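Close look at the chain arrangement
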Amino acid sequence: MAESIGQSASLWNPWRIARWTAALALLLTPAVMMRISSEWHWGIGSFVLAGIMIGGVGLLYELAVRASGSRAYRAGVAIMLVTSLLTIWTTIVRDDGNGIGFLLLVVAAAAGAFAAWFRPAGMARAMLGVAVMQALLGIAVATAPVTASVPDGPLRTLMFSAVFVALWLVSALCFGAAAKGDA
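Below: a short report on this structure.

What counts and what doesn't
- Residues numbered from 1 in each chain as written.
- Predicted model: local features only at pLDDT ≥ 70, side-chain atom pairs only at ≥ 80, totals over all residues.
- Heavy atoms only, no water.
- Axes fitted to C-alpha atoms, helices over the stretch in contact; angles between N-to-C directions.
- Helix = DSSP H or I, 4+ residues; strand = E, 2+ residues; numbered from the N terminus.
- Parallel < 35°, antiparallel > 145°, perpendicular 65-115°, else oblique.
- Left-handed = near helix turned anticlockwise from the far one by under 90°.
- Contact = heavy atoms within 4.5 Å.
- Core = buried A, V, L, I, M, F, W, Y, C linked by side-chain atoms within 4.5 Å.
- Buried < 20%, exposed > 50% of the residue type's maximum accessible area, 1.4 Å probe, protein only.

1. A short note on the packing of helix H5 (residues 99-115) against helix H6 (residues 120-142)
- Remark: H5 packs on H6, axes separated minimally by 9 Å, with the N-to-C direction vectors making an angle of 165 degrees. It follows from the interaxial angle that H5 and H6 lie roughly antiparallel. For H5 against H6, the interelement crossing comes out right-handed. Facing H5, whose interface residues are Gly101, Phe102, Leu105, Ala108, Ala109, Gly112 and Ala113, H6 presents Met123, Ala126, Met127, Val130, Met133, Gln134, Leu137 and Val141.

Dropping the structure here:
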């Protein structure tokens, strides 16, 4: 197993190159779109923020690759990190006044991961807890009077939250599978 961890941490690993190339392509997409469409307006601050967010996710995943050779664990980390990134990104983009609640979900996921010492069984429980929090927050926002005044607001809010609940649950399932593999 140590050999597989060492191989995956190698500098010239094709998967590692593919991950960082995809991150760079994701970061460069707005620059290309600004040339093509007049609807894209990114300043330098937007690129810096996106670079920090995407690079941070990449670096955290690199740490997970070094920490575990389990594919299920790595998948759980990848889904957790992407879900956290999407939560933060959609909160920034939407800016509908509900952002702090959704950002606290990411904080809860991080706190749960630290509390579990990044062990698979504890991570599974933490992600399950975050999924429950996401569902409750989605219901709270969907039933808020402000959301009801927006056409299709409650339905869109519940669908949005359902997608994120599913992502948190898939992450929990991956960590659960990794915990069973460790046992």
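2. Considering the environment of Arg71
- Within the secondary structure layout, Arg71 lies in helix H4 (residues 71-94).
- On a C-alpha basis, the gap between Arg71 and Ala178 in space is 7.7 Å, while along the polypeptide they are 107 residues apart.

3. Brief notes about the nonpolar core
- Of all hydrophobic cores here, the largest spans 27 residues; its most connected members are Val77, Met80, Leu81, Met127, Trp168 and Phe175.
- Within the residue set of this core, elements represented by two or more residues are helix H3 (44-67), H4, H5, H6 and helix H8 (153-182).
- Here this core takes seven residues from H6, the largest share from any one element.
- Once residues within four sequence positions are removed from consideration, Met127 is found in contact with Met80, Ala109, Trp168, Ser171, Ala172 and Phe175.

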